[in-house]
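Chain and residue survey
Next come the chains, spelled out residue by residue.
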Amino acid sequence: MIFALALASNRDPQQNFQKAFAQIAHLGMVSFSPIYLIPCRDGIGADYWNAACLVQSQLSVDEMLSLLKKMEADSGRVRPSHQISLDIDLIAWGSHLTAMQFNPKKLPLALDVKVPMSDLWEDALFTHSTDQFPVIIL
């Protein structure tokens, strides 16, 4: 199964991304996008570090969702808040990139999902404006 994940953090983002990337890397074959610095969707909170990844894993969708929720909780995630330690969303899943099922709860996709995901996966849903965002180097 291939899982498309979107990651975001604006509270201790370097620490939270390093830990999340390490945990995700143990799930199977993984490709990570660059990390982008993108303004808060609501214009209220601090800018976010945003990234995407494709994970090929033997986990089920329910197992993946459970793991992502645990990773968020372990990072100290508080809801609701504009200070996000770690947000990991399951955007889509499937056996091949040409036959993915998109998570209806995440549609329409936000710019902070489209920008990093478009680096990993060519799909019309990831088309976005030509805005340029700074890339973060871990």
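Heads up: these notes are all about the structure in this document. Bear in mind the structure is a predicted one, so any value in this text is a computation, not a measurement.

**Observations regarding the pattern of salt bridges**
- Applying the stated criterion to the full structure yields six salt bridges.
- For Arg41, the salt bridge identified is with Asp112, shortest N-O distance 2.7 Å. With Arg41 in the loop between strand S3 (35–38) and strand S4 (48–56) and Asp112 in helix H3 (residues 111–117), this pair connects stretches of sequence that are 71 residues apart.
- Classification of Arg41 as exposed rests on a relative accessible area of 58%.
- Judged by relative accessible area, which is 10%, Asp112 ranks as buried.
- For the salt bridge of Glu72 with Arg77, the shortest nitrogen-to-oxygen distance reads 3.7 Å.

**Notes on helix H2 (residues 61–74)**
- Here H2 spans 20 Å end to end across 14 residues, near enough to the 20 Å set by a 1.5 Å rise per residue.
- Within H2 the residues assigned to the buried category are Val61, Met64, Leu68, Met71 and Glu72. The buried residues of H2 occupy an angular sector of 100° when projected down its axis, which confines them to one face. In H2, those exposed residues whose orientation departs by more than 90 degrees from the buried face are Asp62, Lys69 and Ala73.
- Structurally, H2 contributes buried residues whose contacts are with strand S1 (2–9), helix H1 (13–25), S4 and strand S5 (87–94).
- Where H2 terminates, the next one or two residues include Gly76, which has phi positive at roughly 95°.

**Some remarks on the pairing of S4**
- Summarising burial for S4: eight of the nine residues are buried, a large majority.
- As defined by bridge partners, S1 adjoins S4 across eight bridges and the pair is classed as antiparallel. Bridge pairing links Leu5 to Cys53 in S4.
- When strand S2 (residues 29–32) meets S4, the two strands line up antiparallel, connected through four bridges. Bridging across to S4, Ser31 finds its partner in Leu54.
- With three bridges joining them, S3 and S4 adopt antiparallel strand pairing. Within S4, the position partnered with Leu37 by the bridge is Trp49.

Rules used throughout
Residues numbered from 1 in each chain as written. Predicted model: local features only at pLDDT ≥ 70, side-chain atom pairs only at ≥ 80, totals over all residues. Heavy atoms only, no water. Salt bridge = Lys/Arg side-chain N within 4 Å of Asp/Glu carboxyl O. Helix = DSSP H or I, 4+ residues; strand = E, 2+ residues; numbered from the N terminus. Buried < 20%, exposed > 50% of the residue type's maximum accessible area, 1.4 Å probe, protein only. Expected span 1.5 Å × (residues − 1). Arc of directions from axis to C-beta. Contact = heavy atoms within 4.5 Å. Pairing = 2+ DSSP bridges.

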